[in-house]
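Structural overview
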Amino acid sequence: MGRVFALSLALLRLLLLVTTATAEDDADLDVSIDSLLTTVPPAAVGSQGSCQQGQRCVQKYLCTNDSTSGAGLIDIRFSESNPCVDYLLQCCYEEDIIAELPSASTVEPPNVDHPVCGKRNTIGIGFRITGANNSESEYGEFPWMVAVFRQVHVLDQVVNVYLCGGSLIHPGVVLTAVHCVQHQAPDQLRIRAGEWDTQTENEIHPYQDRQVVEIVAHPDFHKGGLFNDIALIVLEAPVVLSEVVQTVCLPPPNERFDLQRCFVSGWGKDVFGKTGAYQAILKKIDLPIVPHSECQATLRLIRSQPRFTLHDSFVCAGGEVGKDACQGDGGSPLVCPIQGSNEFYHQVGIVSWGVGCGGGIPGLYADVSLFRHWIDQEMQNRVLDTSSYSVS
Ligand code: 4AZ
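What this report covers is the structure whose coordinates are included nearby. (Residues numbered from 1 in each chain as written. Predicted model: local features only at pLDDT ≥ 70, side-chain atom pairs only at ≥ 80, totals over all residues. Heavy atoms only, no water.)

1. What to know about the overall build of the protein
Regarding its fold elements, the protein presents four helices and 17 strands. Out of the 392 residues in the protein, the part that is buried amounts to 53%. Within the protein, contacts between residues at least 6 apart in sequence are counted, and of these 71% link residues at least 24 apart. For the protein, the computed accessible surface area is about 17,600 Å², with 55% contributed by carbon and sulfur atoms. (Helix = DSSP H or I, 4+ residues; strand = E, 2+ residues; numbered from the N terminus. Buried < 20%, exposed > 50% of the residue type's maximum accessible area, 1.4 Å probe, protein only. Contact = heavy atoms within 4.5 Å. Areas by Shrake-Rupley, 256 points an atom, 1.4 Å probe, with all protein chains shown as cover.)

This is the structure:
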């Protein structure tokens, strides 16, 4: 048994190395073992752990007796005193376990006075987190956020290799960057909606995985300079919308957003290069939109290329030290508030590339607004409704 296991592990490692090399070639991604999405929860719900007699580990929101620390707060820091190991679980007496999910988990009916797309859940869904010292987002805060991964079969196991971020613009369509998916076969790609912490399955709602039937890459994508880095992923079946799975709005064509403060979210690395680690809990970074001319001037200086021309298909954001997207965030959405609202957001950019991470140089994003006509056309070609992302 031991030898078979060791052999399987060796084969798994080998395969991961192979996929790593391909992913790096494809998307300049540094995919490693910590970029795998879990398929098995670290602590089984209902396992005894070393809870007291009459107790068992359950999700905190299913335990009525002081179920969370304070008013719906859950501390995301590792606690040695929690026998259930997973911070979303706690020891609970049988009689305190509620069978039903809290009412917060019921699906909200769309409010016709507001766009149904782009609603950011600023205070999270079901619980709020404390102990966040790493820009962690709240659970369900960016309900359009999607993980794009490649499913690999190793011996009897299915391994999910994280590729990129994406966003839901229709229950059956994900927006991402071409550089993430250009060499992928649709039948190997998967998308995951409703994900938050990739290392646990004890969130309130289960995530939803979908297969992919088509990848629609922008015809003018230019690999060398990553111009027009925008793609649509058409899903085999639509995801089920809920309070933690919603579409994002898209801005009208050719709108400008200079100096607005926006958010980029993603599971990408904290630091550029080999020392950087992929993030378990979805992160959010607030940053400003940098005017095109200013961004070009900065890149000319940094790259010592006085004639460098920043392609029109990019919008820049960031430029503040320590606040940036990074490797693994490719394809993830940059969203800005709609007309001064702090509740509804539209997607202004798609993470494309940058010079390092967090060093005060703006990051480059595909300018979604410029591609609004292209997106609408590709949707209409497939008889898909554009109202899922339109602000009326
Ligand atoms: C990347 O490799 C990447 N700091 C994305 C964004 C940035 C840098 C690198 C911006 O996917």
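Read on for the rest.
2. Details of helix α3 (residues 292-302)
When α3 is considered as a whole, its buried residues turn out to be Cys295, Gln296 and Leu299. Along the axis of α3, the buried residues cluster in a sector spanning 100°; they form a single face. Opposite the buried face of α3, at more than 90 degrees from it, the exposed residues are Ser293 and Leu301. Tucked inside the fold, the buried residues of α3 contact β13 (283-290), β14 (314-318) and β17 (362-367). Of the residues trailing α3, Ser304 is marked for its positive phi of about 50°. (Arc of directions from axis to C-beta.)

3. Considering the nonpolar core
Ranked by internal contacts, the top residues of the largest apolar core, which has 72 residues, are Phe127, Ile169, Leu175, Ile191, Trp196, Ile233 and Ile375. Ranked by size, the runner-up nonpolar core spans 14 residues in total, among them Phe257, Val264, Ile289 and Tyr365. (Core = buried A, V, L, I, M, F, W, Y, C linked by side-chain atoms within 4.5 Å.)

4. A few points about the pairing of strand β4 (residues 89-93)
Taking burial as the measure, the five residues of β4 include four buried ones, the bulk of the element. Pairing geometry for strand β2 (residues 55-59) and β4, over five bridges, is antiparallel. Paired with Gln55 across the bridge in β4 is Tyr93. (Pairing = 2+ DSSP bridges.)

5. Looking at the site of the ligand
By nearness alone, every residue bordering the ligand is listed as Asp324, Ala325, Cys326, Gln327, Gly328, Val351, Trp353, Gly354, Gly356 and Cys357. At 2.8 Å from a nitrogen atom of the ligand is found a side-chain nitrogen or oxygen belonging to Asp324. Here the ligand, which alone exposes 300 Å², has 96% of that area covered by the protein. Class assignment of the residues belonging to the shell around the ligand gives a composition of five nonpolar, four polar and one charged. (Near = heavy atom within 4 Å. Polar contact = N/O pair within 3.5 Å; in protein donor to acceptor, adjacent residues only side chain to side chain. Nonpolar A, V, L, I, M, F, W, Y, C, P; charged D, E, K, R; others polar.)

6. Overview of the state of the cysteines
One pass over the structure, following the stated rule, counts eight disulfides. Disulfide partner of Cys57: Cys84, at an S-S distance of 2.2 Å. One disulfide, between Cys57 and Cys84, carries an S-S torsion of -90° and so falls in the left-handed class. Linking Cys57 in strand β2 with Cys84 in the loop between β3 (73-75) and β4, this pair joins segments that are 27 residues apart in sequence. (Disulfide = S-S within 2.5 Å.)

7. Remarks on the packing of aromatic side chains
In the structure shown here, the tally under the stated rule is eleven aromatic pairs. Measuring from centroid to centroid gives 5.9 Å for Phe142 and Trp144, while their planes differ by 70°, and the two rings are edge-to-face. Comparing Phe142 with Trp144, the two get one shared label, buried. Plain terms: the ring middles of Phe227 and Phe314 are 6.4 Å apart, the flat faces sit at 75° to each other, and that makes the pair edge-to-face. Note that Phe227 is positioned in the loop between β10 (208-217) and β11 (231-235) and Phe314 in strand β14, a separation of 87 residues in sequence. Given a relative accessible area of 2%, Phe314 falls into the buried group. Sitting above the plane of the Tyr207 ring, Arg192 keeps its charged end 3.6 Å from the centroid. (Phe/Tyr/Trp six-rings, centres within 6.5 Å; stacked < 30°, edge-to-face > 60°. Lys NZ or Arg CZ within 6 Å of the ring centre and 35° of its normal.)

8. Regarding the environment of Pro206
Relative to the elements of secondary structure, Pro206 occurs in the loop between β9 (189-193) and β10. Measuring from C-alpha to C-alpha, the distance between Pro206 and Gly194 comes to 7.1 Å, with twelve residues separating the pair along the chain.

9. Let's talk about the sheet that holds β13
Ordered in space as β12-β13-β14-β17-β16-β15, the six strands form a closed barrel in which the pairing is antiparallel. For this sheet the average axis-to-axis angle between neighbouring strands, irrespective of direction, equals 45°. Pairing of strand β12 (residues 261-266) with strand β15 (residues 333-337), which is carried by two bridges, proceeds in the antiparallel orientation. The partner of Val264 across the bridge, within β15, is Leu334. (Axes fitted to C-alpha atoms, helices over the stretch in contact; angles between N-to-C directions.)

10. A look at the pattern of salt bridges
Applying the stated criterion across every chain, the model contains 15 salt bridges. Taking the shortest distance from any N to any O, the salt bridge between Lys284 and Glu141 comes out at 3.1 Å. Of this pair, Lys284 sits in strand β13 while Glu141 is found in the loop between β5 (128-130) and β6 (145-154), placing the two residues 143 residues apart along the sequence. The class for Glu141 is buried, based on a relative accessible area of 0%. Across the pair Glu378 and Arg382 runs a salt bridge, and its minimum N-O distance is 2.8 Å. (Salt bridge = Lys/Arg side-chain N within 4 Å of Asp/Glu carboxyl O.)

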